[in-house]
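Take a look at the letters that make up each chain.
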Amino acid sequence: MSARKTPADLRSARWYGHDDLRGFGHRSRTMQMGYAPEDWEGRPVVAIVNTWSDINPCHAHFRDRAEWVKRGILQAGGFPLELPAISLAENFVKPTTMLYRNFLAMETEELIRSHPIDGAVLMGGCDKTTPGLILGAISAGVPAIYLPAGPMLRGNWKGHVLGSGSDTWKFWDERRAGRISKEEWVEIEGGIARSYGHCMTMGTASTMTAIADTLGLCLPGASSVPAPDSGHPRMSAACGRRIVEMVWEDMTPDRLVTLSACRDAITVAMAMGCSTNAIIHLIAMARRAGHAIGLDDFDAASRTTPVLANIRPSGDRYLMEDFFYAGGLPGLWKRLEDRLDRGRLMASGETLGTVLDRAEVYDDDVIRPLDQAIYEEGALAVLRGTLAPDGCVIKPSACAAHLRVHRGPALVFDDYPSMKAATDDPDLDVTPDHVLVLRNAGPLGGPGMPEWGMLPIPVRLLREGVRDMLRISDARMSGTSYGACILHVAPEAHVGGPLALLRSGDMVSVNVPERRIDMEVAEHELARRRAAWAPPPPRYGRGYGWMAAQHMGQADTGCDFDYLTTDFGAAVPEPDIH
């Protein structure tokens, strides 16, 4: 265990503790804001990295929660400073928040490093904010605790419980099929999201906050607390108190995000029925921490870990509010305790084993026992083959069983507008056996790998009663989505992956149990097509998008920027202060 820090050991002492001209400037400008030496002398300076904004409904309560965090920091003898960061509002940022995940990671790292910060409370929850904040905090290397936004309340429409995202897709298909009126659609719009907080299905937000929790970066179980619950502000204040102690203990992210923690996070993600996006983000986070986690680690865990959380879309009934009442994430950990590392450290200062000893499950239908699993294998499967030599991902727990082994002709689209126009055409020549394919939607082609992967069922088939069919893309999809959607095809079409060579009418075969995905095209024909293929023009000629295109990795490596990875170069030193 590291020796307990003294006030002289604090990073902030380099700014405030010296009797020189620079120290004078830092102290006088802090006093300019109304503070006194008693606010910072001998106290850890704690950054509250807040992703609140007026356009992020998931974080609408964060302006208030930051005040509770400050209260906790002050109670424990720290000095709180709120530092705003890019909000990444999932519903509003275009073309996709994924394009800006690494932007938030850089911003978080540099906010912490460039200021007199001894520790940080990371306030996030909406999909990409969790990995963005954590990636930055890992690289910054100061003690940090993650404060999750929490899930919103259940939706409701005419007595029906609505799940964000999942029911959007379901009812939109019914509207396209002509079974829901415009007036009813407006009622659903007002009933599906009834409070602040992130999606209350097991989408990307719930998945990633639970992964942060499992990694040990939260107060144990914090990710399950609903955003409007009175326990949420209490948890926020507790995060403030705890981060001050974490600074004195020098509990940096590398002590929490160990290889064992990453493996536990994969196991828990599979048991949750996690979002497919978990793979990209957790690979990136693990590699920032120096651990060579890859697609095969997820597939191996999937084969041995059943889905136990009966939460939609993998589950058939419940939402995150029910999960909280049933025992929350610690209850799920309890079900898996023989598969987890009890000895590793959590942000609370306890071992995971201590947390497990007090964890309970209060509803066996929401958090299933191992012998009553929702799905006998894990939530995700990694497929490889001639169409995706570097891998792709499917969520078999959320797709029609008969499509897990399928062979059919491809119907290929090069962009989203043409795909949408075709699927909305009632005369489209398509059958349920067709395989819909969207390409040029990956990390560089999208750009930023938008959540376009849940391709809409053609309206012609909807009117015939079809509600699922095989769909393939190099895009992602929302964690709240469902269906036989194969995603993250790598290499992507934009860089000349095999997906770029597929043509409508080519036979595609998929075998999920055998983890195969293949295009049945002769080698000589593929060679001819490759010789004729030309790279598409860059999506950006300048700015951040141009920079991202030069440095973003493929889906199978986590889409991190090459120059941000741990092995890119020497560690960044502390800033000079002169």
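See above for the structure.
Residues numbered from 1 in each chain as written. Predicted model: local features only at pLDDT ≥ 70, side-chain atom pairs only at ≥ 80, totals over all residues. Heavy atoms only, no water.

**Describing the pairing of strand β13 (residues 507–511)**
When a strand is regular, its side chains alternate between the sheet's two faces.
(1) Moving on: For β13, a buried count of four out of five residues is recorded, marking the element as mostly surrounded by other parts of the structure.
(2) Moving on: For strand β9 (residues 405–413) and β13, the ladder comprises five bridges, and the chain directions are antiparallel. Looking at β13, one finds that H406 is bridged to V510.
(3) Moving on: The pairing of β13 with strand β14 (residues 516–520) spans five bridges and is antiparallel. Looking at the pairing, M507 lines up with E520 of β14. (Buried < 20%, exposed > 50% of the residue type's maximum accessible area, 1.4 Å probe, protein only. Helix = DSSP H or I, 4+ residues; strand = E, 2+ residues; numbered from the N terminus. Pairing = 2+ DSSP bridges.)

**Thoughts on the packing of aromatic side chains**
(1) Moving on: Across all of its chains, the model carries 11 aromatic pairs by this definition.
(2) Moving on: Where Y100 meets Y544, the ring centres are 5.3 Å apart and the plane angle is 15 degrees; that geometry is what we call stacked. Residue Y100 is located in the loop between β2 (79–84) and α5 (101–114), and its partner Y544 is located in helix α21 (residues 543–551); the two are separated by 444 residues in the primary sequence.
(3) Moving on: Both rings, one in Y416 and one in W452, keep their centres 5.2 Å apart while their planes meet at 50 degrees; by these two values the pair is tilted. (Phe/Tyr/Trp six-rings, centres within 6.5 Å; stacked < 30°, edge-to-face > 60°.)

**Let's talk about the packing of helix α12 (residues 259–272) against helix α16 (residues 328–335)**
(1) Moving on: In contact at an axis separation of 11 Å, α12 and α16 are set at 105 degrees when each is read in the N-to-C sense. Here α12 lies roughly perpendicular to α16, going by the angle between them. Of the residues in α16, those touching α12 at V268, A271 and M272 are L329, L332 and W333.
(2) Moving on: Classifying every residue of the contact of α12 with α16 gives six nonpolar, no polar and no charged. (Axes fitted to C-alpha atoms, helices over the stretch in contact; angles between N-to-C directions. Parallel < 35°, antiparallel > 145°, perpendicular 65-115°, else oblique. Contact = heavy atoms within 4.5 Å. Nonpolar A, V, L, I, M, F, W, Y, C, P; charged D, E, K, R; others polar.)

**Observations regarding the sheet that holds strand β7 (residues 381–383)**
Sheet strands pair by backbone hydrogen bonding; their relative direction is either parallel or antiparallel.
(1) Moving on: Ordered by their spatial adjacency, eight strands build an open sheet running β7-β8-β12-β11-β10-β9-β13-β14, and the pairing between neighbours is mixed. Either end of the sheet is taken by a strand with one partner, and the two such strands are β7 and β14. Recorded for the sheet is a direction-independent mean angle of 30 degrees between the axes of neighbouring strands.

**A word on the pattern of salt bridges**
(1) Moving on: Applying the stated criterion across every chain, the model contains 44 salt bridges.
(2) Moving on: Between R176 and D173 there is a salt bridge, with the nearest N and O atoms lying 3.7 Å from each other. Of this pair, R176 and D173 both sit in helix α7 (residues 166–176), separated by three residues, roughly a single helical turn.
(3) Moving on: One salt bridge in this structure joins R529 and E525, with 2.9 Å as the shortest N-O distance. Note that R529 and E525 are positioned in helix α20 (residues 523–532) at a spacing of four residues, about one turn of the helix. (Salt bridge = Lys/Arg side-chain N within 4 Å of Asp/Glu carboxyl O.)

**Quick notes on the pairing of β9**
(1) Moving on: Pairing of β9 with strand β10 (residues 435–438) involves four bridges; the strand directions are parallel. When the sheet's bridge partners are listed, A410 is paired in β10 with V435.

**Some thoughts on the sheet that holds β2**
(1) Moving on: The four strands are arranged β2-β1-β3-β4 in an open sheet whose pairing can be described as parallel. The open sheet has two edge strands with one neighbour each: β2 and β4 (144–148). When the angles between neighbouring strand axes are averaged without regard to direction, this sheet yields 20 degrees.
(2) Moving on: Two strands pair when backbone bridges link them, and strand β1 (residues 45–50) and strand β3 (residues 119–124) are joined in this way by five bridges, in the parallel orientation. By the bridge assignment for β3, V49 is matched with L122.

**Quick word on helix α13 (residues 277–288)**
(1) Moving on: Taking 1.5 Å of rise per residue, 12 residues should cover 16 Å, and α13 covers 17 Å from first to last C-alpha, within 8% of that figure.
(2) Moving on: Counting buried residues in α13 gives 11 out of 12 residues, a clear majority hidden from the surface.
(3) Moving on: Among all positions of α13, only N277, A278, I279, I280, H281, L282, I283, A284, M285, A286 and R288 are buried. (Expected span 1.5 Å × (residues − 1).)

**As for the nonpolar core**
(1) Moving on: Within the largest apolar cluster, 110 residues are counted, with the highest numbers of intra-cluster contacts made by I211, L215, M272, F323, L332 and W333.
(2) Moving on: Ranked by the residues each element gives to this core, the list is headed by α12, at nine residues.
(3) Moving on: Sequence-distant contacts of I211, defined by excluding residues within four places in its chain, comprise A265, A269, A278, L282 and M285.
(4) Moving on: The next biggest cluster of nonpolar side chains, apart from the first, holds 29 residues, and it includes C392, L499, V512 and V521. (Core = buried A, V, L, I, M, F, W, Y, C linked by side-chain atoms within 4.5 Å.)

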